[in-house]
Structure formats: C-alpha cells, structure tokens
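# Structure assessment
Listed below, chain by chain, are the residues.
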Amino acid sequence: VFQVFNSKTAELLSHHQVEIKQEFPREGWVEQDPKEILQSVYECIEKTCEKLGQLNIDISNIKAIGVSNQRETTVVWDKLTGEPLYNAVVWLDLRTQSTVENLSKRIPGNNNFVKSKTGLPLSTYFSAVKLRWLLDNVTKVQKAVEENRALFGTIDSWLIWSLTGGINGGVHCTDVTNASRTMLFNIHSLEWDKELCEFFGIPMEILPNVRSSSEIYGLMVKSIVGAGDFIKKERPLPFRIQQSTLLCFMVWDLGLSLLMSIKAGALEGVPISGCLGDQSAALVGQMCFQDGQAKNT
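This text gives an overview of the structure that appears in the document. The structure presented is a predicted model; accordingly, all values stated were derived computationally and were not measured. (Residues numbered from 1 in each chain as written. Predicted model: local features only at pLDDT ≥ 70, side-chain atom pairs only at ≥ 80, totals over all residues. Heavy atoms only, no water.)

## Some details on the overall build of the protein
Along its length, the protein carries 9 helices and 15 strands. Relative to its 297 residues, the protein shows a buried fraction of 51%. In the protein, once contacts between residues fewer than 6 apart in sequence are set aside, the share between residues at least 24 apart is 75%. (Helix = DSSP H or I, 4+ residues; strand = E, 2+ residues; numbered from the N terminus. Buried < 20%, exposed > 50% of the residue type's maximum accessible area, 1.4 Å probe, protein only. Contact = heavy atoms within 4.5 Å.)

So this is what it looks like as structure tokens:
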C-alpha cells in the first residue's frame, strides 16, 4: 500500500494498493517473491501519483517517504546482481521448527543469554532461524555468502536498498524496530551482537547497518523495476516540515503492498527518512507521541 498524508492534519490524501501472492510450497511453509513486492511498490507509487494529479495536488509537495513493514520476514539477495537468492521467508513460516529444537539444546537452562539479550524466546517466528535455514539448505545462499556477495534484510532493508540505487550504491540499512525482531540484535547495547551471531552461525558482514527510525537513509532514485540504470544523488536535505509538505508511507503487509509514485522519476531525490516495524508504526499512526499513551491493534 502507498499512502500520502497531509503533514499538518494527518488527512489521508490518496493511496493505492496491490495484492501480493503468497506461495505455500509445503505444509507450514509461506513464501513471497521479493521482486514482486518491489514491483508492486513501483506500481503503487505510479498509481498514487496519478490519483494525486487528478486531485490537482502537486507531487512536488511530497517532502519525505517512510517505510513500514511486517517484521521478521527474511530476504537474502546478491549485492552484485540485485537478484534475490530465494523467496522471502514470511514471518509465520514454520519450516524452522527442527532448527529451533536443535538450537534450544545448546542454550544452558540457567543462562538463557538469547532471551536476556534480545527479549525474545527462541521461536520459528524470528529472522535468525529463517536465515540459518537458508544458509543450511539453499546452495545459492551458501555460495553467495562464501563469495561475499550476499546481503540479508527484512523487507524494509530490501526496499530501501532497491529504492536508493540497488547495485549502484543502494543503502543497506534497517531500523531498531526491525532489527529487534531478528534475534541477532542486543536490545541493551542497540547493536548486532557478536555472541548471538556466533550462536546462530550468521556472518555479521551480511547484516544491514542499524539506524534510528527517523533520519535520512538515502534518496529515491530515478528507476523502474528491471531497468539497469539507477541514478543516485547524495546530497544533504533539511528535514523541515513546511505547510505544503506531504508525507508518504510505503506499507508492505502480508497480502498487500501500499505505495507512492515514482512515475517518470517524479520522486527522484525525495528522501527516505522513516522506517518502522508495523506495530511501532501503528503507534505513530495513532499519534501516540507521549509517555503513557498506548494503542490497541
């Protein structure tokens, strides 16, 4: 889904959504095509821009883009070709049950360092065990890691990397709300944890840089999915909300993708400056900005 909001009133001005297919190769397995997710983003961007034009809203007023996604879903791709090395393994996928059982035997009963560092129980839900499964079972992933070509990320990382240039300087990052659901992130130090990565056998060089949830990660490039040439201009932009400012959010969800328009490079140079996992984004969406405020999903 792609949504465009008025930054002063939070009024939803326009949106477009596209359904994304889910694949079920075996019982308990749930996958999605990362390239289809990215294509749906561009489609939603274009359609939303068209709708804004019909409303006589100038898309040059769009000043910032944010990304929100369901967390845990795991993607590994080739940083030299930009091609996913396997389908995205979706958060509710259960193929890693045996992986979880084997790992749990290695955790001392009196020292559950995984839970104490991450706040999470060892479960099929989280990205680390999905990534471990890919490393154990997918030859393309194994080879890419050995040859230093692999990048890992949740859907936010895949989208931001692709939208900021991909193989030509794309920004490989995530935010703390997404990193905190990988089971590789120390919630006390707010960093990838070396001990956790060693426990799960995850090479740290494939992990995205962890950034705050609100800063400029990079700029939108002029591109369409499948085009080989990306144009990226790195220049600092003041993140100042003006009266004419519109804020846009790309929301990737379990069956839907919602976005904003890049038609003919219309959004080239617009900063991607927000990234939040879905639950945290819902808190912001309900304008819960002060201590003690809460939302119920």
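Next comes the rest of the description.
## Considering empty space enclosed by the protein
The final tally for this structure, using the stated rule, is 1 cavity of 30 Å³ or more. Looking at the largest cavity, its volume works out to about 30 Å³. The wall of the largest cavity is formed by F152, G153, T154, S157, T174, N178, A179, T182, W192 and P208. For the lining of the largest cavity, the secondary-structure elements that each account for two or more residues are β7 (150–153) and α7 (176–179). Split into classes, the residues belonging to the lining of the largest cavity amount to 4 nonpolar, 6 polar and no charged. (1 Å grid on protein atoms, 1.4 Å probe; cavity = no way out; pocket = protein on both sides within 12 Å on 5 of 7 lines; lining within 4 Å. Points joined across faces, edges and corners; volume = space filled by probe spheres on them. Nonpolar A, V, L, I, M, F, W, Y, C, P; charged D, E, K, R; others polar.)

## Here's the deal with the packing of aromatic side chains
Within this structure, the stated rule accounts for 10 aromatic pairs. With a centroid separation of 5.6 Å and 50° between ring planes, the pair formed by W77 and W161 is classed as tilted. One end of the pair, W77, is in strand β5 (residues 75–78); the other, W161, is in helix α6 (residues 155–163), and 84 residues separate them in sequence. On the basis of relative accessible area, W77 is assigned to the buried category, the value being 0%. Under the relative-accessibility criterion, W161 is labelled buried at 5%. Centre to centre, the rings of Y125 and F126 are 5.3 Å apart; their planes meet at 65°, and the pair counts as edge-to-face. (Phe/Tyr/Trp six-rings, centres within 6.5 Å; stacked < 30°, edge-to-face > 60°.)

## Side note on the nonpolar core
Counting residues in hydrophobic clusters, the biggest one holds 35 residues, and the most contacted among them are V114, V141, M183, L184, F200, I202 and L207. By residue number, the principal contributor to this core is helix α4 (residues 127–137), which donates 6 residues. Residue contacts for L207: discarding those within four places in its chain leaves F152, H172, L184, W192, C197 and I202. Residues L13, V18, V41 and Y42 belong to the second largest nonpolar core, which totals 33 residues. (Core = buried A, V, L, I, M, F, W, Y, C linked by side-chain atoms within 4.5 Å.)

## Here we look at the pattern of salt bridges
Summed over all chains, the structure comprises 11 salt bridges. One salt bridge connects K35 with E83, and the closest N-O pair in it is separated by 3.1 Å. In this pair, K35 is assigned in helix α1 (residues 34–54) and E83 in the loop between β5 and β6 (88–89), connecting sequence segments 48 residues apart. Judged by relative accessible area, K35 falls into the partly exposed class, the value being 38%. With its nearest N and O atoms 2.8 Å apart, the salt bridge here joins R95 to D93. Each member of the pair, R95 as well as D93, carries the same accessibility label: buried. One salt-bridge network, held together by shared partners, links E31, D93 and R95. (Salt bridge = Lys/Arg side-chain N within 4 Å of Asp/Glu carboxyl O.)

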